[in-house]
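Structural overview
For reference, the chains in residue letters:
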Amino acid sequence: MSLLADPVTLAVVALAVVLLGLAKGGLSGVGALATPLVALVLPPTIAAALLLPILIVQDVVSVWSFRKTWDGWVVAWMLPGAAVGIAAGYFYAEQVDEAKLMAALGAITLAFGVYRLWVERGGRIVAASTSPGWIGTLFGALTGFTSQIAHAGGPPFQMWVTPRRLPHLVFVGTSSILFAMINWMKVPAYLALGAFPHEVIVAALLLMPLAIGSTLLTVRLLKRMDGARFYVVIYILMVLLGAKLLWDGLAG
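Residues numbered from 1 in each chain as written. Predicted model: local features only at pLDDT ≥ 70, side-chain atom pairs only at ≥ 80, totals over all residues. Heavy atoms only, no water.

**Quick word on empty space enclosed by the protein**
Under the counting rule described, the total for this entry stands at 1 cavity of 30 Å³ or more. The space that makes up the largest cavity amounts to roughly 240 Å³. Lining the largest cavity are 23 residues, with Ala 23, Lys 24, Leu 55, Gly 154 and Phe 179 positioned closest to its centre. Split by residue class, the lining of the largest cavity holds 9 nonpolar, 12 polar and 2 charged. (1 Å grid on protein atoms, 1.4 Å probe; cavity = no way out; pocket = protein on both sides within 12 Å on 5 of 7 lines; lining within 4 Å. Points joined across faces, edges and corners; volume = space filled by probe spheres on them. Nonpolar A, V, L, I, M, F, W, Y, C, P; charged D, E, K, R; others polar.)

Below, the structure written as structure tokens:
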């Protein structure tokens, strides 16, 4: 029987796919809500496995759309840390209290979003961060770890990259390239865990049109958005996302 046979399950999973489409189209971070959302109607391991093929297909759309606008320096510093974080997430997954991890991530994300909205209030010009690359590697490790555990790597990425004040299309392109690599790096661990039974693959294939369509629509919106407004939107989303993750983590 299909994983999506139940109407409630189908509706919840479809909403999660749209959230991932928004994230892959450029509204980075909101995708962190997808796995906890699907875990309301499916076992957490199946939820994570179901979303990974969808993420990879959405990565193709996102990378193609922003292939000419990305920052190789940021990717080069974050990717090695991400690899370490993915490995740690695989080896220590059973010891991790996911609820506490999401609560901590939510609290940090909420605080960071509020802080950035405050310092940039009223359109104030804030000097771009010049933190050294090795700091990015540390954030890359956290990005990889949270991505491996719950496909929630967006907030750590944002915390290091948004203060650099990249042009908004470069920010989105950098996120697209980095997370496309991260998601492929996660595949061996999922295969080793036997996370892709037939019913998961079939369900993922059925959701692909929605996954591609939601990503393309968001890409189109982001390419028309003003750069200054883009960062305000990102910070507001971080506040909302952080509050949601914190609430869910404490409730769990």
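**Structural notes on the UniProt feature "transmembrane region" (unreviewed entry) in the protein chain**
Following the UniProt record, the feature "transmembrane region" (unreviewed entry) maps to residues 33–57, 69–93, 99–118, 166–185, 200–222 and 229–247 here. Segment residues 166–185 splits into 90% helix and 0% strand. End C-alpha atoms: 26 Å apart. The span residues 200–222 carries 100% helix and 0% strand; its end-to-end C-alpha distance comes to 31 Å. (UniProt positions renumbered as here; feature names shortened; annotations may be inferred. Helix = DSSP H or I, 4+ residues; strand = E, 2+ residues; numbered from the N terminus.)

**So, a nonpolar patch on the surface**
Judged by side-chain polarity, Trp 73, Trp 77, Trp 134 and Leu 138 come together as a nonpolar surface patch covering roughly 460 Å² of accessible area. Looking at the nonpolar patch, the elements that each hand over two or more residues are α4 (72–91) and α6 (133–150). Examined against the element boundaries, Trp 77 turns out to sit in helix α4. Using a relative accessible area of 34% as the deciding quantity, one classes Trp 77 as partly exposed. (Patch = residues over 30% accessible without salt bridge, like charges linked within 9 Å, V, L, I, M, F, W, Y side chains within 5 Å. Areas by Shrake-Rupley, 256 points an atom, 1.4 Å probe, with all protein chains shown as cover. Salt bridge = Lys/Arg side-chain N within 4 Å of Asp/Glu carboxyl O. Buried < 20%, exposed > 50% of the residue type's maximum accessible area, 1.4 Å probe, protein only.)

**What to know about the nonpolar core**
Counting 41 residues, the largest nonpolar core has Met 78, Met 102, Phe 157, Val 161, Phe 171 and Phe 230 as the members making the most contacts within it. Elements supplying a minimum of two residues to this core: α4, α5 (98–119), α6, α7 (154–161), α8 (168–192), α9 (198–224) and α10 (227–251). Top contributing element to this core by residue count: α10, with 8 residues. Once residues within four sequence positions are removed from consideration, Phe 157 is found in contact with Ser 28, Met 78, Thr 143, Phe 171, Thr 174, Ser 175, Leu 178 and Phe 179. In this structure, Ala 16, Ala 34, Leu 37 and Ala 49 belong to the second largest nonpolar core, which totals 30 residues. (Core = buried A, V, L, I, M, F, W, Y, C linked by side-chain atoms within 4.5 Å. Contact = heavy atoms within 4.5 Å.)

**Some words on the side chain of Thr 215**
In this structure, Thr 215 sits in helix α9. Thr 215 gets classed as buried once you look at its relative accessible area, which sits at 0%.

**Section: the packing of aromatic side chains**
Scanning all chains against the criterion turns up 10 aromatic pairs. Here Phe 157 and Phe 179 contribute two aromatic rings whose centre-to-centre distance is 5.6 Å and whose plane-to-plane angle is 70 degrees, an arrangement assigned as edge-to-face. Taken together, the positions of Phe 157 in helix α7 and Phe 179 in helix α8 put the pair 22 residues apart, joining distant regions of the chain. Considering the side-chain rings of Tyr 231 and Tyr 235, the 6.3 Å spacing of their centres and the 40 degrees angle between planes classify their relative orientation as tilted. Of the two residues, Tyr 231 and Tyr 235 both sit in helix α10, 4 residues apart, roughly one turn of that helix. These aromatic residues form a ring-pair network of at least three members: Phe 157, Phe 171, Phe 179, Phe 230, Tyr 231 and Tyr 235. One cation-aromatic arrangement involves Arg 67 over Trp 64; the distance from NZ or CZ to the ring centre is 3.7 Å. Its guanidinium or amino end placed over the ring of Trp 118, Arg 121 lies 3.7 Å from that ring's centre, counting from NZ or CZ. (Phe/Tyr/Trp six-rings, centres within 6.5 Å; stacked < 30°, edge-to-face > 60°. Lys NZ or Arg CZ within 6 Å of the ring centre and 35° of its normal.)

**A few points about the layout of surface pockets**
A volume near 460 Å³ is recorded for the largest pocket. Taken together, 17 residues form the lining of the largest pocket, with Thr 45, Ala 93, Gln 148, Ile 149 and Leu 193 sitting closest to its centre. Every element with two or more residues in the lining of the largest pocket is listed here: α3 (44–65), α4 and α6. Looking at the second largest pocket, its volume works out to about 340 Å³. Around the second largest pocket, the lining is made up of 15 residues, and of these Pro 36, Leu 37, Ala 39, Leu 40 and Asp 248 lie nearest the centre. Elements supplying a minimum of two residues to the lining of the second largest pocket: α2 (34–38), α5 and α10. The dominant element in the lining of the second largest pocket, judged by the number of residues it contributes, is α10, at 4 residues. Taken together, the residues of the lining of the second largest pocket break down into 9 nonpolar, 3 polar and 3 charged.

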